[in-house]
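Breakdown of the fold
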Amino acid sequence: MFFSLIAIAAVIALFVIVSRQQNRIAQVERELGILRGLVQPGASLLAPNAADAAQDGLAEKAKAAAAPAAPLADGATVAEEVVETPETAEGEAVAGPWTKGKAAPVQSAAPAQPATVAETPAAGSPEAPKAARQTDVETALGTRWAVWVGGIALALGGLFLIRYTIEAGIFGPGVRLAMAGILGLVLIAGAEFIRRTGFRVPVQGAAGAYIPAILTGAGAFILFGTVYAAHAIYGFIGPATAFALLGVIGVATIGASLLHGLALAGIGLVGAMVTPALVASEAPNPWALFVYLAIVLAATAAIARIRDWKALVAAAFAGAGVWTILYMVDAPQVNLAAVLFISLATLAVLAFVWLGLFLVTGRDDTARGFDWPSIVPGFFIALSALGLSVDPAFASAGDALHGAILLAALVAAALYRPRALPLVFAAGIATVMIYLGIIPPATIGADALDVGLDAQPLASSDVLTFRIGVALGMIFLAAGFWAARRFAAAAPLRAACWAAWGVIAPLVVLLALWLTFGDIDRDLGYALPALLLALAFAVGGEWIARAEEPPLAGGPAVSFALGGAGVAGLLMLHMAFGSGWTTLLLGAAAVVPVLATRWRSYPVLGWIAVGAAVAVLGRIAFDPTIVGAASLARTPVLNWLLPGYGVPALAFGFAAWQLARTTNGRPRLAMEAASALFALLTIAMLVRHAMHGGVIDTGTVTLAEQAIYTLIALGAGAILVAIDMRSPSSVLRYGSMAAGVVSAGLIAVQHFVVLNPLLTDESTGTVPVFNLLFLAYLLPAVAAGALALYVRDKRPRWYAAMLALIAALLAFAYATLSVRRLFNGEFIALWSGLGQLETYTYSALWLVIGVALLAAGVRLKSQVLRVASAALIAVAVLKVFLFDMSELEGVLRALSFIGLGAVLIGIGLFYQRLLTRAAREA
């Protein structure tokens, strides 16, 4: 009894001693590894005293850094990962123990012997790069390639061994399968033995050739093949057993990746995901498939979370999603409960396993970006929901409700885990696609296009779709604004994303339901929900703004909310009122956000007013008559055109005035431009209405009408210049110049070419003076000349010169065409011919006009007028010598040359007098 107690005590003491010695050896190895990493290659050249001092100084650092070595993905320990030297990391110059003069392997328990100067090539010598290249090739061939090829050879060798025994008939099927299984288990056991005995990564740079991981992968590969052969080839085991064994092997391989790295996890995941395709059953059970996928997904996500392997968990989510879609497409009768189970299980794994461990770390999710692997489950679950809601095989059976549950689950998961932000995008895009698909093509005119739709909606529209749409809209609205307020201060971009979908989804649902179930002309039943949405968005925007930092800053989330309120208001106006009132009220509604800038300086308020202006412009482009051609009254001025164009012009002008006193900025400039544009359109449309008998959408433009448009444009240019001088604005400055340039272009094209009575033979009227020529040429000439004088010192020189030249050309055209009318009457087309007296009159007239332009140019100190005078006189000279000499006869020919000579001499005397006066003054 006594000796038994002594023996037991000795065993216990021996066990304690061995344990303590192992701990000490492990600590020494870690310290030596850290020391080797900190000591530079040239440290061996130091004096012995210096080397000792360095080691003494590093001892404390080594002890402080020493910690229990946790295995990494490639099988190395934490300490081994830390000890990489800069030289090793750069070019893998340390190739292994076979290289002379290099450090010993990292796992060596004894310190490396220092290399001598004679053994180590100098850093700058030609031999050093050459040796490095040679050792790099040697490392690649001797470590990575050898190990990988060896692992593949082992895996194939196992399969070839089974094949050989089959062909040779040496053993029976059971023995062959047993031998293959034993080989796989031996490889896995050998990998574990090598890992535990310290044969890890002998050389720097061979992390990708970790032998235990490769042996484990080869063993798992052989075990997969063995189980599959036992089921599919020999029928030794049934589908359920084979399915379970393959699943266990796959999950176990994924679990082993914690020790052996990501590559092994990928092998296990591929095997686990392929297992359902390898095992066939006469009565497939979807519950068995999806429960199995949920287990694999949870295990993979847990392991990936520990190692932070994002690609692995994304691949696992993709595999589960692909199986779900394949089941929905190929199964004769889809078990929707099973589809819901795997989709919700996927979200649970994402929220509680993959993203759940972030809570343990104490990190703030609101301050981090989004988790990109969340895109994968979001895509596949949204795709499943889209199929359940759009596919007639599902939607007609009422399965759209299941799709709505999945969409709501996506939103809930995104709320619960802020980093899963892609889920709300997936749910929002799917919702938008579903409800845009229910709109009948005939409603939006798509049935007129040959797009293969056969005038049928892409999705079913029934009472259930209506109710689901209302529910989804409320979910997005509530969740979006609540999350936006939650993240408004810490994560403004995330808050903006939530607010955007809180606005977009309800608006799209409301629009789709209105176009599908309502009256697109006027429907008060949908106008009320639109009004409620506008109020909810406005109140929600204010609620979010109060949570900002600093408060009431009007950030992107608030901008989305208030912008949504503006769009909802536009829909409300269109639903509640007819075409004319909608245009008028929408233009007046631009004042509402502008007035709000008196209390809130949100930048988006001015842009909402700009959006109202764009919407009004779009409406009048679609229907310039405001109320439709059939409903437009024929009464001049007092018709729908006056308020339809005039009220928006006044509202936009007031908005620009108000914005100039509050937020200012680009919205003010845009509203100024809109006000000026609508003021011009008001006058132009009233003129066209009056000149075409109340019809503005048909009939060609006449010269008289074009003349009025030209006068309006020139007048608008002058008004804009005057306003700009009182209240400077870049919009007014460039707008006034644009009006002048447009006027010049219209005159050059329309007045001189397209609508010229010489070419069109249009009637010039019976009144001698106040006729079409007076309206189309003389009045624009006076207006252009006056504008040129007014802007000489207010606009660029080229602009005033252009207007002056246009004025001179218009005056010349009026005088010439008036002479033509004097000789030919009401119609002055060229083909009626020229008389001799008329021809002479043109020469005399052009000389008189040239002299007048010269006098005006000198008087006004305008070089443009003087140049125009010289050009006109040159034309007159050419006409006299080339045309009058051959066409005129008798006294008219003589008078033509006499008058020309007298004028030219007079001009010469005039210029000489000017030069003499200038010389005296100088």
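Please read these numbers as outputs of a predicted model, since none were measured by experiment. Within each chain, residue numbers correspond to sequence positions counted from 1 in written order. It should be noted that, the model being predicted, local features are given only for residues of pLDDT at least 70 and side-chain atom pairs only at 80 or more, the latter also being counted only at that level, while totals for whole chains, interfaces and linings use all residues. Derived side-chain values reflect all non-hydrogen atoms in the structure, with water molecules and hydrogen atoms excluded from consideration.

Some words on the overall build of the protein chain
Helix and strand assignments come from DSSP, with helices taken as H or I runs of at least 4 residues and strands as E runs of at least 2, each series counted from the N terminus. The helix and strand tally for the protein chain stands at 34 helices and zero strands. Scored against the burial criterion, the 922 residues of the protein chain give a buried share of 42%. Whether two residues touch is decided by their heavy atoms; if any such pair falls within 4.5 Å, the residues are in contact. In the protein chain, 72% of the contacts between residues at least 6 apart in sequence involve partners at least 24 apart. For accessible areas, the Shrake-Rupley method is used with a probe of radius 1.4 Å. Any residue's cover is judged against the shown protein chains and nothing else. Just so you have it, the protein chain exposes about 45100 Å², and 71% of that area is on carbon and sulfur atoms. Only protein chains enter the area calculation, which uses a 1.4 Å probe; residues under 20% of their type maximum are buried, those over 50% are exposed, and those in between are partly exposed.

Considerations on the packing of helix 17 (residues 422–437) against helix 18 (residues 463–487)
A fitted line through C-alpha atoms serves as each axis, taken over the contacting stretch for helices, and the angle formed by two N-to-C directions is quoted from 0 to 180°. Across the interface, helix 17 lies against helix 18 with an axial gap of 12 Å and an inter-helix angle of 150 degrees. Classed by the angle they form, the pair helix 17 and helix 18 counts as roughly antiparallel. For helix 17 against helix 18, the interelement crossing comes out left-handed. On helix 18, the residues touching V424, A427, G428, T431 and Y435 of helix 17 are T465, I468, G469, L472 and F476. For the contact of helix 17 with helix 18, the class distribution of residues is six nonpolar, four polar and no charged. Roughly parallel here means an angle under 35 degrees, roughly antiparallel means over 145, roughly perpendicular means 65 to 115, and every remaining angle is called oblique. Take the far helix as your reference; a near helix turned counterclockwise from it by less than a right angle gives a left-handed crossing, and one turned clockwise gives a right-handed crossing. Classification used: nonpolar for Ala, Val, Leu, Ile, Met, Phe, Trp, Tyr, Cys and Pro, charged for Asp, Glu, Lys and Arg, polar for all others including Gly.

Brief notes about the packing of aromatic side chains
Each Phe, Tyr or Trp ring, with Trp reduced to its six-membered ring, pairs with another whose centre is within 6.5 Å; inter-plane angles below 30 degrees give stacked pairs, above 60 give edge-to-face pairs, and intermediate values give tilted ones. Per the stated rule, a full pass over the model turns up 11 aromatic pairs. Look at W287 and F341: their rings are 5.6 Å apart centre to centre, the planes differ by 50 degrees, and that puts the pair in the tilted class. Remark: F341 occurs in helix 12 (residues 336–354) and W287 occurs in helix 10 (residues 286–307); sequence separation between them is 54 residues. The class of W287 is partly exposed, set by a relative accessible area of 33%. Look at F654 and W657: their rings are 5.7 Å apart centre to centre, the planes differ by 35 degrees, and that puts the pair in the tilted class. Residue F654 and its partner W657 are located together in helix 25 (residues 641–660), separated by three residues, close to a single helical turn. Accessibility expressed as a relative area gives 30% for F654, which makes it partly exposed.

What about the side chain of R619?
Mapped onto the elements of the fold, R619 is located in helix 24 (residues 603–622). At 6.2 Å, D623 is the nearest oppositely charged side chain to R619, a buried residue that forms no salt bridge. N or O atoms closer than or at 3.5 Å make up a polar contact, with two conditions inside protein: a donor-capable atom paired with an acceptor-capable one, and, for residues adjacent in sequence, both atoms drawn from side chains. Among the polar contacts listed, one links the side chain of R619 to the side chain of H574, at a separation of 3.2 Å. Filtering out sequence-adjacent residues up to four positions away, R619 remains in contact with H574, S579, T582, T583 and L586. When charges are tallied, Lys and Arg are placed among the positive residues and Asp and Glu among the negative ones, while His and the ends of the chain are skipped. A side-chain nitrogen of Lys or Arg and a carboxyl oxygen of Asp or Glu constitute a salt bridge if their distance falls within 4 Å.

A word on the pattern of salt bridges
Any two side chains of opposite charge can pair if their charged atoms end up close together. Summed over the entire model, instances satisfying the criterion amount to eight salt bridges. Between R305 and D308 there is a salt bridge, and its shortest N-O distance comes to 2.9 Å. Assessed through its relative accessible area of 11%, R305 is described here as buried. In this structure, E672 engages R668 in a salt bridge whose closest nitrogen and oxygen atoms are separated by 2.6 Å. Residue E672 and its partner R668 are both found in helix 26 (residues 666–691); the two are separated by four residues, about one turn of the helix.

Quick look at the environment of P667
Mapped onto the elements, P667 comes out in helix 26. Linking P667 and G611, residues 56 residues apart in sequence, is a C-alpha distance of 9.8 Å. Apart from the residues lying within four places of it in its own chain, the contact partners of P667 are G606, W607, V610 and L659.

Section: unusual backbone geometry
In this structure, the amide linkage connecting E549 to the following residue, P550, adopts the cis form with an omega of 0 degrees. Relative to the elements of secondary structure, P550 occurs in the loop between helix 20 (524–545) and helix 21 (556–576). The phi dihedral of I626 falls on the positive side, at around 75 degrees, and the residue is not glycine. Considering the arrangement of structural elements, one finds I626 in the loop between helix 24 and helix 25. Unusually for a residue other than glycine, D761 sits at a positive phi of about 60 degrees. Tracing the backbone through its elements, the reader meets D761 in the loop between helix 29 (757–760) and helix 30 (772–790). According to the relative accessible area criterion, D761 is partly exposed, its value standing at 25%.

Brief notes about helix 20
Expected helix span is given by 1.5 Å per residue-to-residue step, counting one fewer step than there are residues. The end-to-end C-alpha distance of helix 20 is 31 Å, a good match for the 32 Å that 22 residues give at a rise of 1.5 Å each. Buried within helix 20 are the following residues: Y526, A527, A530, L533, A534, F537, G540, G541, E542, I544 and A545. Its buried side turned inward, helix 20 meets helix 18, helix 19 (492–517) and helix 21. Of the residues that open helix 20, the one with a side-chain oxygen 3.0 Å from the backbone nitrogen of G525 is D523.

Describing the nonpolar core
Among the nonpolar cores identified, the biggest contains 139 residues, and Y435, W498, F652 and M671 are the most heavily contacted of them. At 15 residues, helix 19 tops the list of elements feeding residues into this core. Those residues within four positions of M671 in sequence are excluded, and the remaining contacts are A590, A609, V610, A613, F652, A655, A656 and L659. Take the buried Ala, Val, Leu, Ile, Met, Phe, Trp, Tyr and Cys residues and link them wherever side-chain atoms come within 4.5 Å; each set so joined is a nonpolar core. Counting 31 residues, the second largest nonpolar core, distinct from the first, contains A776, A784, L817 and I828.

Describing a nonpolar patch on the surface
Residues V749, V753, V754, L759 and L830 make up a contiguous nonpolar surface patch of roughly 430 Å² in combined accessible area. Looking at the nonpolar patch, the element that brings in the most residues is helix 28 (residues 730–754), giving three residues. The topology assignment puts V749 in helix 28. Residues enter a patch when their relative accessible area is above 30% and they make no salt bridge; the linking distance is 9 Å between like charges and 5 Å between nonpolar side chains (Val, Leu, Ile, Met, Phe, Trp, Tyr).

Some points on the side chain of T816
Inspection of the secondary structure puts T816 in helix 31 (residues 797–824). Setting aside chain neighbours within four positions, we find T816 in contact with Y842, L845 and W846.

Here we look at the packing of helix 27 (residues 703–726) against helix 30
Two elements in contact, helix 27 and helix 30, have axes separated by 9 Å at closest approach and are oriented at 15 degrees. The angle between the axes of helix 27 and helix 30 places the two elements in the roughly parallel class. Our pair here, helix 27 against helix 30, has a crossing hand that is left-handed. Between helix 27 and helix 30, the contacting residues are L703, A704, A707, L711, L714, G717, A718, V721 and A722 on the first element and L772, L775, A776, Y777, L779, P780, A783, A784, L787 and Y790 on the second.

Comments concerning the environment of V274
Checked against the element boundaries, V274 lands in helix 9 (residues 262–278). For the pair formed by V274 and W323, sequence separation is 49 residues and the distance between their alpha carbons is 10.0 Å.

Points about the environment of T764
Tracing the chain through its elements places T764 in the loop between helix 29 and helix 30. When the C-alpha atoms of T764 and L817 are compared, they prove to be 9.9 Å apart, with 53 residues separating the residues in sequence. Of the polar contacts made by the side chain of T764, one reaches the side chain of R821; its length is 3.1 Å.

Side note on the confidence of the model for the protein chain
The pLDDT averaged across the protein chain works out to 73; a share of 63% of its residues lies at or above 70. Considering only residues more than four positions removed or in separate chains, one finds that residues 40–135, a stretch of pLDDT under 50, has 107 contacts. By definition, pLDDT measures how confident the predictor is in each residue, and it falls between 0 and 100.

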